[in-house]
Amino acid sequence: MPGVSARGLSHEARRQLAVNLTRVVTLYRSILDAYIIEFFTDNLWGTLPCSWQEALDGLNPPQLATLLLGMPGEGEVASSSTLIMGVCPGSQHQWPGDLCSLLFQLVKKLSDLTGCTQVVDVGSGQGHLSRFMSLGLGLMVKSIEGDQRLVERAQRLDQELLQALQKEEKRNPQVVHTGPRHRPHHVVRWVDPTALCEELLLPLENSPQSEARLLLTGLHACGDLSVALLRHFSCCPEVAALASVGCCYMKLSDPGGYPLSQWVAGLPGRELPYRLREGACHALEEYAERLQKAGPGLRTHCYRAALETVIRRARPELRRPGVQGIPRVHELKIEEYVQRGLQRVGLDPHLPLNLAALRAHQAQENRVVAFFSLALLLAPLVETLILLDRLLYLQEQGFHAELLPIFSPELSPRNLVLVATKRPLGETFSVLETEDS
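Figured I'd write up the structure that's included with this text. Note that this is a predicted model, so its numbers are computed, not measured.

Reading across the sheet, the seven strands line up as S3-S2-S1-S4-S5-S7-S6 and stay open at both edges, with mixed pairing between neighbours. Each edge of the open sheet carries a strand with a single partner, namely strand S3 (185-188) and strand S6 (400-405). Recorded for the sheet is a direction-independent mean angle of 15° between the axes of neighbouring strands. Bridge count between strand S1 (residues 118-122) and strand S2 (residues 141-145): four bridges; the pairing is parallel. In the sheet register, Val122 faces S2, and the bridge partner there is Ile144. Seen against the sheet, helix H9 (residues 224-235) touches S1, strand S4 (214-222), strand S5 (239-247) and strand S7 (416-421) and runs at an angle of roughly 165° to S5.

Within the secondary structure, Ser253 sits in the loop between S5 and helix H10 (262-265). Sequence separation between Ser253 and Asp224 is 29 residues, and the spatial gap between their C-alpha atoms is 6.6 Å.

Moving on to the nonpolar core. Counting residues in hydrophobic clusters, the biggest one holds 96 residues, and the most contacted among them are Phe39, Leu56 and Leu394. It is helix H16 (residues 365-396) that provides the largest number of residues to this core, a total of 18 residues. If we ignore the near neighbours within four places in the chain, the residues touching Leu56 are Trp45, Leu48, Leu64, Leu68, Ala370 and Leu374. If you look at the next biggest cluster of nonpolar residues, it comprises 22 residues, including Leu103, Val119, Leu139 and Leu219.

What follows concerns the environment of Val329. Turning to its location among the elements, Val329 is positioned in the loop between helix H13 (300-314) and helix H14 (334-344). When the C-alpha positions of Val329 and Thr300 are compared, they lie 6.7 Å apart, and in sequence the two are 29 residues distant. If sequence neighbours within four positions are ignored, Val329 has contacts with Thr300, Tyr303 and Tyr337.

With that settled, the discussion passes to unusual backbone geometry. Here the residue pair Tyr258 and Pro259 is connected by a cis peptide bond, since its omega of -5° sits within 30 degrees of zero. Within the secondary structure, Pro259 sits in the loop between S5 and H10. In this structure, Asn43 is a non-glycine residue whose phi angle is positive, near 50°. The phi angle at Arg320 is positive, at roughly 50°, despite the residue not being glycine. For Arg320, the position within the fold is in the loop between H13 and H14.

Here we come to the pattern of salt bridges. Overall, the coordinates contain 18 salt bridges when judged by the stated rule. Residue Arg312 pairs with Glu38 through a salt bridge whose shortest N-O separation is 2.7 Å. Here Glu38 lies in the loop between helix H2 (29-32) and helix H3 (50-57) and Arg312 lies in helix H13, a separation of 274 residues in the sequence. Relative accessible area serves as the criterion here: at 4%, Glu38 is assigned to the buried category. Glu278 is paired through a salt bridge with Arg275; the nearest N and O atoms lie 2.6 Å apart. Of this pair, Glu278 and Arg275 both sit in helix H11 (residues 274-279), three residues apart, roughly one helical turn.

Definitions and cut-offs
Residues numbered from 1 in each chain as written. Predicted model: local features only at pLDDT ≥ 70, side-chain atom pairs only at ≥ 80, totals over all residues. Heavy atoms only, no water. Pairing = 2+ DSSP bridges. Helix = DSSP H or I, 4+ residues; strand = E, 2+ residues; numbered from the N terminus. Axes fitted to C-alpha atoms, helices over the stretch in contact; angles between N-to-C directions. Contact = heavy atoms within 4.5 Å. Core = buried A, V, L, I, M, F, W, Y, C linked by side-chain atoms within 4.5 Å. Buried < 20%, exposed > 50% of the residue type's maximum accessible area, 1.4 Å probe, protein only. Salt bridge = Lys/Arg side-chain N within 4 Å of Asp/Glu carboxyl O.

Following this line, the structure appears as structure tokens:
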């Protein structure tokens, strides 16, 4: 359920939704702001109302998935509202057309409707989106990426795809490519979120400056990069349209990245500290599937929370230190995990351990899982508030904006695209909607 699109709501209704969200986030801030590794040190279970404790205490992981996170129960099927999915570019991913075709179609339609002559893909990474838009859809695409290695990789992939297309055409002469086939134009450049980027606005050689109309897009543009897209759209007359899917909200500048709208900036309880923004990036659906399987890997949070109690006793000033990944946690006894964890944070792995206390912690594994599930249940409210703030920011300036569900959240937790234009285009946004949305 990541993100609520707010589609179809009036401007006033969206403002009221922001008010309601800040109230709910304030009410449950203690859960959202908690670190699960402090489950035992801060007695997080004791912070829940007694009635909640009683209701949650008897639930096993599959029941938590069904009753708390809304996953289908045994014998049920998933909702028919599942949308075509995209894979978040934080991993080694490919971009099969059937997975991301809705996004590509959206950009193509938006480009046609607004008369844009060039698409600028900001934070383009290895160029998967740019490659499909240019070589697949025939759009003129400029790709901007700050990492030289990723740009070089993107250029190699461009060449490999072109060679593959040429070979396919030779094997199947009857398949004739009639449309334009533009190669992406890659640029190595960091986009400063606090200033306008001249390179971003420069037209390609065959797009005269006076005729250039740009469409900005960023697929999972991290942190302030999504904010930079909004500001370029707002300030630059050359930019006619925007299609942005943000992520990594914890990387937003504070202040500067949130809030953006005057409305949200004036609301009590609007503050979203790092922990809340970081929690909003978790993959709720992925964790719900893990709950349904009820595998031993769920105990990781419990083990880490138990380790934190040992760390605090040995070094009270050492709080929440990073622990490098410990392989095959589910095969370890809790004391073995603690010993390895102590070594990873620079403490003596042979410290005397209170095995009875560790066993008592391990017995609360389901409580740890339940508390973490509660936090995941509430986290989409934070994401919705961030995205709604961006929507209101654009509307306050007289622009036309909408949030549309575009991916399946099962494989792309950030599944809403912010679409904006500078002038009304009749049924533009209904045209851009997907069949299943």
